[in-house]
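Results of the structural survey
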Amino acid sequence: MYDFTSMISRRNTDSVKWDVKPNELPMWVADMDFKVAPEILDAMRQKVDFGIFGYEEPHTDYFDAVAHWYQTEHHATINRDWMFFSTGVVPTISSAVRRVTNVGDNVLVQAPVYNIFYNSIVNNGRHVLSSDLVYDQKAHQYQIDWDDLDAKLAEPLTTMMILCNPHNPIGKVWTKAELIKINQLCLKHSVTLLSDEIHGDLVFKGADYTPVFSLPNELLQNVIVCVSPSKTFNVAALHAATVIVPNEALRSKVNRGINTDELGEPNLLAIPGTIAAYTKAGDWVHELRNQIRANYEMVVKFCQANIHEIVVVPSTATYLVWIDVSQLTDDSAKLAAFIRAQTGLYLSAGDVYGGDGNHFLRMNIASPKTMVEDGLNQLQQGIKEFKATN
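Attention here is on the structure that accompanies the text. These numbers were taken from a predicted model, which means no experiment stands behind them. (Residues numbered from 1 in each chain as written. Predicted model: local features only at pLDDT ≥ 70, side-chain atom pairs only at ≥ 80, totals over all residues. Heavy atoms only, no water.)

**With respect to the overall build of the chain**
What counts here: Helical segments are the DSSP runs of H or I of at least four residues, strand segments are the runs of E of at least two, and each set is numbered from the N terminus. Throughout, the radius of gyration refers to the C-alpha atoms, and the reference size of a globule is 2.2 Å times the residue count to the power 0.38. Residue exposure (1.4 Å probe, protein chains only): buried if accessible area is under 20% of the type maximum, exposed if over 50%, otherwise partly exposed. A contact between two residues is defined here by any heavy atoms of the two lying within 4.5 Å. Residue burial considers only the protein chains on display, and all accessible areas are found by Shrake-Rupley using a 1.4 Å probe. The convention is simple: Lys and Arg are positive, Asp and Glu are negative, and His and the chain ends are not counted. Positions of charges follow a simple convention, taking NZ of Lys, CZ of Arg, CG of Asp or CD of Glu.
Of regular secondary structure, the chain possesses twelve helices and 15 strands. For 390 residues, the compact-globule estimate of 2.2 N^0.38 gives 21 Å, and the C-alpha radius of gyration of the chain, at 21 Å, lies within 12% of that figure. Judged by the C-alpha coordinates and their principal axes, the chain covers about 60 × 55 × 35 Å. In the chain, which comprises 390 residues, the proportion classed as buried is 59%. Within the chain, contacts between residues at least 6 apart in sequence are counted, and of these 74% link residues at least 24 apart. Accessible surface for the chain amounts to roughly 16,200 Å². Of this, 50% is attributable to carbon and sulfur atoms. Taking the 32 positively charged and 45 negatively charged side chains of the chain as two groups, their mean positions are separated by 2 Å.

**Thoughts on the nonpolar core**
Most often, soluble globular proteins keep nonpolar side chains buried together rather than apart. Worth spelling out the cut-off: Residue types Ala, Val, Leu, Ile, Met, Phe, Trp, Tyr and Cys, when buried and joined through side-chain atoms within 4.5 Å, form a set referred to as a nonpolar core.
Counting 110 residues, the largest nonpolar core has M161, F233 and W284 as its most contacted members. Per-element tally for this core: the top contributor is helix α10 (residues 282-306), with ten residues.

**A closer look at the sheet that holds strand β15 (residues 360-364)**
This is how it is decided: Any two strands are treated as partners once DSSP identifies two or more bridges connecting them. Here, axes are lines fitted to C-alpha atoms. For helices the fit covers the stretch in contact, and angles between N-to-C directions go from 0 to 180 degrees.
Strand order in this open sheet of four strands is β11-β12-β15-β14, and the pairing throughout is antiparallel. Each of the sheet's edge strands pairs with one partner strand only, and the pair in question is β11 (311-312) and β14 (348-349). By the bridge criterion, five bridges tie strand β12 (residues 320-324) to β15 in an arrangement that is antiparallel. The partner of L320 across the bridge, within β15, is N364. Along the sheet, helix α11 (residues 332-343) contacts β14 and β15; its crossing angle with β15, the most-contacted strand, is approximately 45 degrees.

**Re the packing of aromatic side chains**
Put simply, the rule is: Pairs were defined over the aromatic rings of Phe, Tyr and Trp, the Trp ring being its six-membered one, requiring ring centres within 6.5 Å. Orientation was assigned from the angle between planes: stacked under 30 degrees, edge-to-face over 60, tilted for the rest.
The full count for this structure, using the stated rule, is 19 aromatic pairs. Ring centres of F4 and W284 lie 5.5 Å apart, and the angle between their planes is 45 degrees; on these two criteria the pair is classed as tilted. Residue F4 is located in the segment before β1 (25-26), and its partner W284 is located in helix α10; the two are separated by 280 residues in the primary sequence. This pair shows no difference in class: F4 is buried, exactly as W284 is. Judged by centre distance (5.9 Å) and plane angle (80 degrees), the ring pair of F233 and Y278 falls under edge-to-face. A residue pair is termed long-range when its members are at least 10 positions apart, and F233 in helix α7 (residues 230-233) and Y278 in helix α9 (residues 270-280) qualify at 45 residues.

**Focus on the environment of T232**
Note the following rule: Side-chain atoms alone can form a polar contact between residues adjacent in sequence; in general such a contact is a pair of N or O atoms within 3.5 Å, and within protein one must be able to donate a hydrogen while the other accepts it.
Within the fold, T232 resides in helix α7. Taking C-alpha positions, T232 is 28 Å from V325, a pair spaced 93 residues apart along the chain. Ignoring sequence-local partners within four residues, the contact set of T232 consists of M32, W69, I198, D201, L202, W284, V285 and L288. Here D201 takes part through its side chain, which lies 2.8 Å from a polar atom of the side chain of T232.

Limitation: the analysis is restricted to geometry and does not speak to function.
Written as structure tokens, this is what we have:
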């Protein structure tokens with residue numbers, strides 16, 4: 001029904017992803033090379049055709065759309081009073097760090113993790129404290145070191161934990177039991193839990209993700225959840241997100257920060273785009289997930305058959321593939337730079353994600369099959385040449 005096969009040129013369109021040399025193939029930053037769902041485009045066209053673009057604010061229809069989506073797609077109920085609008089998940093994280101913690105505090109993460117978390121912490125005068133995920137070299141799976149997490153949450157200066165649910169870059173969907181245990185530890189040590197759930201709609205196989213706001217009520221009083229249509233519907237430039245905070249006092253504090261930082265005013269397309277996405281584009285997302293699954297399985301099979309020196313870490317969510325290159329190098333930045341220079345394939349070096357990221361590359365596979373195939377061929381060639389010269 002929808003087109004996930006056409007290659008649409010994005011060069012010279014102000015795209016961050018495609019601001020590359022003519023011979024380069026970008027498969028790094030997390031946006032998709034698929035055209036937005038027509039239902040969203042129609043809503044945006046209607047808004048533009050209206051022709052008047054004054055100050056705006058979201059109303060009941062916006063928040064009803066968000067609640068409808070999470071009830072329909074994830075069987076999770078959001079109380080209308082818990083929600084407010086923000087211009088993005090990352091700006092919300094930075095604002096919440098400033099508002100909820102103090103300069104010099106520790107903000108805990110689970111490395112390897114989305115690198116921009118570090119910016120939100122360090123740029124605001126707080127300290128990064130990581131409870132690194134533990135990688136099983138034989139099973140190629142990550143687990144939480146619960147004793148380490150407990151000990152680091154217990155440190156007196158640790159006042160916030162930023163959770164990635166599902167986890168970027170490893171593509172892991174945390175179980176409900178794991179989320180309950182995480183927040184029980186946060187509550188034990190009076191730590192605010194901020195959950196970035198921007199990839200929650202992109203579980204392409206296995207059990208669905210559990211929104212943190214759907215946990216038992218006694219586990220919601222220290223929780224801030226950030227959601228957005230940006231990754232799901234490929235509308236990052238829409239700059240629209242919803243912040244969900246069940247506890248009234250905490251909600252007031254976070255919301256005051258959003259207003260102080262001038263992050264609460266939507267642009268002209270944010271409201272109609274979000275409403276259309278959450279109420280009319282569900283079928284597009286379902287087809288998208290099928291395409292991501294097909295691309296992921298193609299990547300796994302190709303690497304198993306043709307690039308024996310690397311291993312694709314098994315995952316069930318996001319369109320970001322985490323590739324173990326530890327048999328080749330402990331310097332992922334060097335390998336990524338070599339592959340890009342020799343073949344034009346632009347991947348993310350894993351070192352920026354912290355933890356054991358030096359042994360990994362991250363590959364964005366949210367593109368038509370033909371582009372992913374080209375990327376795989378270039379990856380194979382680049383690794384062949386890297387082995388020959390190192």
